[in-house]
Amino acid sequence: MGKKDPRIDAYIDKAQPFAKPILKHLRKIVHAGCPDVAETIKWQMPHFDYNGGILCAMAAFKQHCAFHFKNGALVFGSRAKEDEAMGQFGRIASVEDLPNEKTLIGYVRKAAELKDKGIRETAPMKTKRKPLRVPPDLADALKKNTKAGATFANFSPTNQRDYVEWLTEAKRHATRGERLKTAIEWMAEGKPRNWKYMR
């Protein structure tokens, strides 16, 4: 038997007036299509878990709602409207923006069957990045400052790329010069490019 979460009731109560009937409808559909689903809140949004993982999720925003299946590509193929908004149904502003109840329940059942069979979307293959090319001005500055040079040499490829991209994305020559000076100072102190955002 499915499990309801009172936090989802609270989420619906706080939603915009237009969103409440949509969220209630979606919740009813999910429970009808997968009676053993368990409700929860993840990333501050209502989620529906089944068989050890996320089955689907819904969310309310200021002017639209969204409904998302974890294995959406397997449930819908290429018909989804994910380019319009989060989820496979685009911007949902009313219940009429959704497929009919029977169709929606069918989607939920299909998603649950995929979970039962252990079938899930595979992540796309990562394309291999081109080798990092250190621009001459950065290479020269690193040679002149041994501390910065040692830091750069010991950085992971990601940290090295962060500095190179930051430098090469500068539009003006003066901006590039300022960034180069700052980069060398930070690396001399052992700091990665995004050190300010690290805990």
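All residue numbers here refer to positions counted from 1 along the written sequence of the relevant chain. Totals for whole chains, interfaces and linings use all residues, but because this is a predicted model, local features are given only for residues with pLDDT of at least 70 and pairs of side-chain atoms are given and counted only at 80 or more. In computing side-chain properties, one takes all heavy atoms of the structure into account and sets aside hydrogens as well as water.

A. Representation of the packing of helix α5 (residues 136-144) against helix α6 (residues 146-154) in the model. With axes taken as lines fitted to C-alpha atoms, and helix axes fitted only over the stretch in contact, angles between N-to-C directions fall between 0 and 180 degrees. The way it works is that DSSP assigns letters per residue, a run of H or I at least four long becomes a helix, a run of E at least two long becomes a strand, and they are numbered from the N terminus. The interhelical angle for the contact between α5 and α6, taken along N-to-C directions, is 120 degrees, at an axis separation of 5 Å. With respect to each other, α5 and α6 are oriented oblique. Between α5 and α6, the residues in contact are L138, L142 and K144 and T146, A148, G149 and F152, respectively. In the contact of α5 with α6, the residues fall into 4 nonpolar, 2 polar and 1 charged. Orientation labels follow simple angle bins: below 35 degrees gives roughly parallel, above 145 gives roughly antiparallel, 65 to 115 gives roughly perpendicular, and whatever is left gives oblique. Two residues form a contact once any of their heavy atoms are found within 4.5 Å. Asp, Glu, Lys and Arg are counted as charged, while Ala, Val, Leu, Ile, Met, Phe, Trp, Tyr, Cys and Pro are counted as nonpolar; the rest, among them Gly, fall into the polar class.

B. Summary view of the packing of aromatic side chains. Between rings of Phe, Tyr and Trp, where Trp is taken as its six-membered ring, a pair exists when centres lie within 6.5 Å; planes separated by under 30 degrees are stacked, by over 60 edge-to-face, and by other angles tilted. On inspection of all chains with the given rule, the structure shows 6 aromatic pairs. Ring geometry for F89 and Y107: centres 6.2 Å apart, planes at 50 degrees, overall tilted. Of this pair, F89 sits in the loop between α3 (72-76) and α4 (101-117) while Y107 sits in helix α4, and the two are 18 residues apart along the sequence. The exposure class assigned to F89 is buried, which follows from its relative accessible area of 9%. Taking 6.0 Å as the distance between ring centres and 20 degrees as the angle between the ring planes, the aromatic pair formed by F155 and Y163 counts as stacked. Just as F155 is buried, Y163 falls in that class too. The rings of F67, F69, F89 and Y107 are connected pair by pair, giving a single aromatic cluster. In this scheme, Lys NZ or Arg CZ marks a charge over a ring once it lies within 6 Å of the ring centre and within 35 degrees of the ring normal. Over the ring of W195 we find K191, and its NZ or CZ is 3.8 Å from the ring centre. Relative accessibility decides the category of a residue: with a 1.4 Å probe and only protein chains considered, values under 20% of the type maximum give buried, values over 50% give exposed, and everything between is partly exposed.

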